[in-house]
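# Descriptive analysis of the structure
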Amino acid sequence: MKNIVLIIILLVLISIKIYSQQKVIIKGKVIDKETKETIPGANVIEYDANDRVVNGTVTDANGNFVIELKNSSNIVKVSLIGYNTITIKPEVGKNILVELEASEIKIEEVTKIGKASKNPIGLTNISDRDKVTASIKMDLIEMKDAGVLSAADALQGKVSGLDILAASGDPGAGSHIVIRGMSSLGNNKPLIVIDGIPQADPPNYKDFQLSSATAEDIGNLLKIPVQDIKSIEILKDAAATSIYGSRGADGVLLIETYKGRLGKVKFDYNYKFSYNYQPPSIPMLNGDEYIMLQLEEWHNHYGVFQIPKEISYDKDDPDFYNYSANTDWVKAITKDAMTHEHYFSASGGGEKTRYYASVNYINEGGTTINTFSKRFSTRINLDYFLSSKLLFMVQFNYNNNFTRSNFYFADRDMTVRKMAYMKAPNMSIWEYDANGNPTGEYFTPINSYQGDGYTFFNPVAVANLGKNDRKANGIMNSFTLRYTFTDWINLRTTISYQFEGSKSNNFLPYNAVGTDWLAWTVNKAEESNNDNTTINTETQLNFSLPFKSNIHVVSGSLTWITEQNKGSWVNIQSNKIPTVEVKDPAIQAQINWIGNGSWESRALGAAANLNYILLDRYILQSMLRADAYSGFGENYRWGIFKGISFGWRFSNEPFLKNLKFLGESKIRGGWGVSGRRPWDSYARFATYNNSATGHYINNIGIIPTKIQLNNLRWETVTSYDLGIDLNLFKDKIYINGDIYKKITTDILFNRYKIPSSSGYDEMQFFNGGKLENKGWEIMFEYRIIQKSNIRWSINFNTSQNKNIFVDIPDNFNTERSTSIGNGEYPKRLVEGEPIGSFFGFRYLGVYPTDQDAYARDAYGNILYDNEGKPIPMIYKNYVFKGGDAKYEDINHDGRIDLNDVVYLGNSNPDWVGGFGTSFRFKNFDLSCSFHYRLGFDIVNGVAIETEGMNNKNNQSKAVLNRWRVQGQNEPGMLPRAYIDHPANNLGSDRYVEKGDYFRLLNIMLTYRFGKKICDKLNIDQMNLTLSARRLFTITNYSGQDPEVGFDASDPFWIGVDRAQTPPPKIITLSLSVSF
Amino acid sequence: MKNFAYISIILMFIISCNDWLELEPPQGLTRNEFWQSKEDVQAAVMGAYDAFARMDGKLFKYGELRADLIKGGNNQPDNERKIAEGNIYPDNELCRWLDFYKIINYCNEVIKFGPEVRSRDKTFSDFLLRSYLAEAYFLRGLSYFYLVRIFKDVPYITEPTYSDEVDVYKPKSNGDSILLQVINDLKMVREWATIDGYKTNKENKGRATKAAIDALLADINLWLFRYEECIKYIENIEKLIKYELMPTGLWLELFYPGAAVETIFEFSYSDMLGEKNSMFGLTGRYSYQYYPSQKSLELFAIDYNSREFTRGEDGSIKKYSKTEYVIWKYIGRIDKTERSGSDQNSAPFIIYRLADIYLMKAEALSQLGRYDEALRYINIVRERAKMPVLNLPESKIVFEDAIIEERAREFAFEGKRWFDLLRMGRRDNYNRKNTLIEILVKNVPATQKRIMTIRLSNPLGWYLPIHKDEIERNPNLIQNPFYKD
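Residues numbered from 1 in each chain as written. Chains lettered and ligands numbered in written order. Predicted model: local features only at pLDDT ≥ 70, side-chain atom pairs only at ≥ 80, totals over all residues. Heavy atoms only, no water.

## Notes on the packing of aromatic side chains
All names here are of chain A.
- Applying the stated criterion across every chain, the model contains 70 aromatic pairs over all chains.
- With 5.8 Å between their ring centres and 20° between their planes, phenylalanine 267 and phenylalanine 344 make a pair best called stacked. Taken together, the residues span a long stretch of sequence, with phenylalanine 267 in strand β15 (residues 263-277) and phenylalanine 344 in strand β16 (residues 337-349) at a distance of 77 residues.
- For phenylalanine 344, a relative accessible area of 31% puts it in the partly exposed group.
- Seen in terms of ring centroids, tryptophan 430 and tyrosine 442 are 4.2 Å apart; in terms of plane orientation they differ by 20°. Their pairing is stacked. (Phe/Tyr/Trp six-rings, centres within 6.5 Å; stacked < 30°, edge-to-face > 60°. Helix = DSSP H or I, 4+ residues; strand = E, 2+ residues; numbered from the N terminus. Buried < 20%, exposed > 50% of the residue type's maximum accessible area, 1.4 Å probe, protein only.)

## A short note on the sheet that holds strand β31 (residues 699-704) of chain A
- Strand order in the open sheet formed by three strands is β31(A)-β30(A)-β1(B), with antiparallel pairing between adjacent strands. Because the sheet does not close on itself, it has two edges, and the strands there are β31 of chain A together with β1 (29-30) of chain B.
- With two bridges connecting them, strand β30 (residues 687-696) of chain A and β1(B) associate as antiparallel partners. Paired with Tyr688(A) across the strands is Leu29(B), a residue of β1(B).
- Across the sheet, helix α2 (residues 38-53) of chain B touches β30 and β31 of chain A, and the angle it forms with β31(A) is around 85°.
- The sheet strands contacting helix α5 (residues 98-117) of chain B are β30 and β31 of chain A, and the helix crosses β31(A) at an angle near 95°. (Pairing = 2+ DSSP bridges. Contact = heavy atoms within 4.5 Å. Axes fitted to C-alpha atoms, helices over the stretch in contact; angles between N-to-C directions.)

## Notes on the pattern of salt bridges
All names here are of chain B.
- What the rule picks out here adds up to 83 salt bridges over all chains.
- In this structure, the salt-bridge partner of glutamate 229 is arginine 226, at a minimum N-O distance of 3.9 Å.
- Residue class for arginine 226 comes out partly exposed when judged on its relative accessible area of 28%.
- What emerges from the salt-bridge pattern is a single network uniting Glu262, Arg311, Lys329, Arg353, Arg382, Arg384, Glu406, Arg409, Glu410 and Glu414. (Salt bridge = Lys/Arg side-chain N within 4 Å of Asp/Glu carboxyl O.)

## Overview of the environment of Gly643(A)
Residue and element names in this part refer to chain A.
- In this structure, glycine 643 sits in strand β28 (residues 638-648).
- On the basis of relative accessibility, which here comes to 5%, the residue glycine 643 falls in the buried class.
- Each residue touching glycine 643, except ones within four places of it in the same chain, is listed here: Ala239, Ser242, Gln621, Ser622, Met623, Trp671 and Gly672.

## Some thoughts on the environment of Pro115(B)
- Note that Pro115(B) resides in helix α5.
- Those residues in contact with Pro115(B) that sit more than four places away from it in its chain are Val110(B) and Leu129(B).

## A word on the confidence of the model for chain A
Residues and elements named next belong to chain A.
- Taken over all residues, the pLDDT of chain A has a mean of 78, while the share at 70 or more is 83%.
- When the elements of chain A are averaged for pLDDT, helix α3 (residues 210-221) gives the smallest value, 35, and β31 the largest, 92.
- Note that residues 7-21 has pLDDT below 50 and, in this model, 18 contacts with residues that lie over four places away or in other chains. (pLDDT = per-residue confidence, 0-100.)

## Overview of the nonpolar core
- Residues Phe52(B), Leu142(B), Tyr144(B) and Phe267(B) are the most contacted members of the largest nonpolar core, which totals 160 residues.
- Ranked by residue count, the leading element in this core is helix α6 (residues 126-151) of chain B, at 16 residues.
- Each residue touching Phe267(B), except ones within four places of it in the same chain, is listed here: Tyr696(A), Tyr49(B), Phe52(B), Ala53(B), Leu59(B), Leu139(B), Leu142(B), Pro348(B), Phe349(B) and Ile351(B).
- Grouped together as the second largest cluster of nonpolar side chains are 44 residues, Trp298(A), Met422(A), Leu974(A) and Ala977(A) included. (Core = buried A, V, L, I, M, F, W, Y, C linked by side-chain atoms within 4.5 Å.)

## A look at the sheet that holds strand β1 (residues 24-32) of chain A
Residue and element names in this part refer to chain A.
- Taken in spatial order, the three strands make up an open sheet running β4-β1-β7, and their pairing is mixed. Two strands lie at the open edges of the sheet, namely β4 (64-69) and β7 (95-100), each paired on one side alone. Between one strand and the next, the sheet's axes are offset by a mean angle of 35°, whatever the strand orientation.
- Examined bridge by bridge, β1 and β4 share six bridges and lie antiparallel to one another. Following the sheet pairing, isoleucine 26 is matched in β4 by isoleucine 67.

Given below as structure tokens:
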């Protein structure tokens, strides 16, 4: 290390050489080769002998330029997006006519063939072109105008092997991102690297369950404005991600933002207006249908019964008007919403300084009432060339988020939307007096037919009166210094600082629920504050050996990395706040709880990367990284991660030169090992804490609270990858395909249950088991027409992943639940089966009559007891009757019990992908893209709640087709209504549905204003875009949206539709102007 | 530029140290920070007491639910009702044994790490260390005694689970041999325990003393039907003359204020300091959880002439109306009013007291055929309660029944009844199994009587099953065959 220090000191001491200059001024005009029209805004740039930018200018409205050269021996290049760059020889005094030729490859398309990047940001020193690992880079220009709000949104359905699902449709909710299948238990989260800066792990504050927070936090991390993003690169296999060592196991997303360009200042302004609306909701019973259903439920169970007054239409009851409504609760809490977005950027630069600055404001409306989110963010990217050898870069990014959600009943996982489905529709939203006049209050009785007013709250009242706000401020900034020693060696040091602070406020007023204000659950305010700071440093030595010929190319880098993460949290809860107006826990109310905590973690890493290219055809890329993490004890502190990959650019072989149709193509193969570390850096310590009361007879009491983890180590992911990149017919057809295998060993089990005879219920982490993901993926693009006025291309991608739990640790409790009650599915992990499997009963319809509900043997014959009486089917001690749900009695013992539980399906999709097309004609662009997920199952949690007919919850219209009389036998008929039925709604394949869907993800029409109009307005460019997202979905899934419900936090219970707000349909109008 | 170089140099310097990665958690103590002084050892011992004291409600339920002195109210949790009615399945929450093993682990930590502190803290005397160890062995022994009486065979663990390198997948050991080990441990440490050397009287009652260890030894030996041994340890306690029966009129002072002269070992509580017992909440008038059963009303002959004055109404039971009776031991005060304010949750949970020792001794003596001596001890307890002295024919069975009945009156609702009945049922190779079943069946609803009789006919059903989670987590555990189904 000392050497590097010396080098840095030396570097400071080196004085900047000033070259003697002679004045060389050249003039010229730039025109289009085909149309002979003049081209304004082309870049004219002077390069020195080392190909470094020295000076530059931009052509004026008439295509003219003037540039003063620093050195007459330098060369000048003229470039513009959409044209091939040409080099001109400076000829003093002469007016040079430069004819630019429209280029074939457009950068707005997925960049397959990158230019050799001289200054890669990242940990490997290899150009995109020579990369032989499985990675995909996407340029985001075309996303700018679509109604996408975040990068995750933009990526969905675009890249093979990447499974992105919106966490929920609520504003600011984020996305789940899974690259190449689930390789971990609830820990999947790709590392996100923005401009070379690895982003902080989600904060682990109070009760932090990686599960619940990950998706949101990762989503929030990705919530930088799409317009700022230049490209996203996805590193998929461990050969590529191993360089990110212990954080690379789930793949890496490299995000690059725009930087300033040489030339005169350029302004971009973009305004988007979106209209968001919900897909149609599940039709629910109205008040009258509900009352009829309830009366039937009571009758079927009890025979004769006393009708509760709320469902008796009793005109004398003072609450008659409150209980005879027909309220559509779901509709009452749903609204159409609007989103406004403004984006402004300025960029440009001169010889020494280049800048890119942007500011973005989004006000996103939610489709549930009283939800919205506002985001403000700004970014400054500044490059300063201190000398031709020394470059100084500063990046600064600030963002501010405010999200208003509905109050969430965390104690029983109850949302407003869930309640809207359950709530009795005969109850009114607003209260009426005995004469039917509205009182102006929400109708929130302390007790109603359904139950107490806190459990069965008024969802409209809670949505409007409750409070659940989150404010977050994030700063990320980085300083980079790069010194070029010689042409073939440079040193870069980056220090980055990230801060995220957030504050949440919750308040539930007593008048939103039917409760006395003294109850501890209401007039309860909670405030929590979290902050998280990360400091990363990266010192990198890059080299590429200066061979005279191109036969051998050797390049590489050495990197030294440190990482420090700190955070703290405070949480205050108080209740009995004397008014509903004050929503702050700090007033003198009764403090329930105050908690705080802090944490810190540190990591060190050293990475090396060596690339060798022979004859521009044979490529070898290797990586090695050693990581140390403060969360591990000395035995396992250092982890070694490595990757090696080979490529063969066969298209350059002399014997294939004759194949005219073959463009630049290569075959790749790689192997690599990367890791995943636990989120709690203190997990390894045995800790001692206060005993239950903290004392016993005036003596302090302390107890051990955690087991020391000497065996805690990295979870290791080893991956193999074989791929091909094909360009055919002059880049008209592009194919990228990969097959891979990913093996996770030493899986990190969180909260691993151990025998409690140890004195503990669980170990915080345990490494064991083996998980395997195998699959293949392919991307295909065909550029059918490539003319300057008309262009048409289509693309398609698909991937298949199979996930198998190869090896479960010996003592692992593979059964998480054996409950088989109504709505309950036993949860199991089975060796050799994928995670995310469902188990339960097989539903066979309804017994039409009492006589059908007899036990039968394997041949369908009724079983008789010793007395010759037929044996009835039973569940626990309930005897099945006509109208009851019929489940398959697998073992023919006449009992429905755990022995009849079978595998029902799983939530892992067989196929994930997308396809799309884009078309340009003159000034019009039209593109559309589809997304699909096929071959997976969903447990329709909403149907469990809305079709069971065994409680007082509202049910969906589907229950109108139910069994009512003996002998009734209709196709698709549901079981009878029966209050508190023990077995009519057991976890069965009745609710396991195919989730397959095709979705028109995005359709976009752009009009580019013609040059004449632009000239008149004195602007460079103006576009108007109309786009729509999720316009239609083809699916057989009966729930509201098949995309909802892919929370991998509980590996035993993935893929359940929990009635989250589905992602809305969005129609966007966007105007962008550059000048 | 200079600043940049400066920062780089500092960073390089910091980074070169491996210490940079040694981060200790800011909250809580780590093992390296703990076990430094004698105060730490004491705190660890107190942690075990505190945890045990938090179990009073469970100890009450384990000792009473399946017996006949209490009945459940409307708020009785479903799983507890199932236990009381004999519908016991391995998913019942009361079949979890974690709380006992937590205490065992705390004690094991003290036994393993306590002695290491001697070298770090020069002021930590051998004498003091041994007295802490005696307490740890006592609490561990008491835990195992409960476990064996509740589950029969359980894993016997004597090493703390200090790291993930410890084998936690331990099989069951034979219950009787565990108890023999416990006896050996206790025999070793009884010399180390103090007689009354704690600073306060409350501690002399609430922490393990030599007499407490002797009482536990006597109890375990009685459970194992080793009568001579049992008598031996009881005589040790008698020799101390430190303990006396409470005078008749002050009998309820055992529970209010507690720490009575009669008490040998109790779990102590102080509502004011937040050390609350759970008995007030379980048996209070409006708890709707546990009330005296018909059997206990008959026992105290409430509404009859021959009723118990000392231990009956306003002693063990309070009568609010003809139909409303409440368990009074943990609720009442000697002035017949209800505990209030910071007194409410302060009643001790008594494990051993002199009357208990006397009746144990009577049981052991009668089983040895020393009826005269046995009768004397029974009558000491009866006389204190102002009950007529008994004169019993010389028969083991008659004595056994009389003692069980007397124990029910004296220790009603103290978590002893079920274990007393079990001792009777197990004695002489299940000789009186049917008597046990008769007694128990009386206290269940008519619909349950037949099922209960069948279930109880297999003595393995007298023990609780191991919770199903444990069986799933630990492949080396074998479920009690009665529950294998």
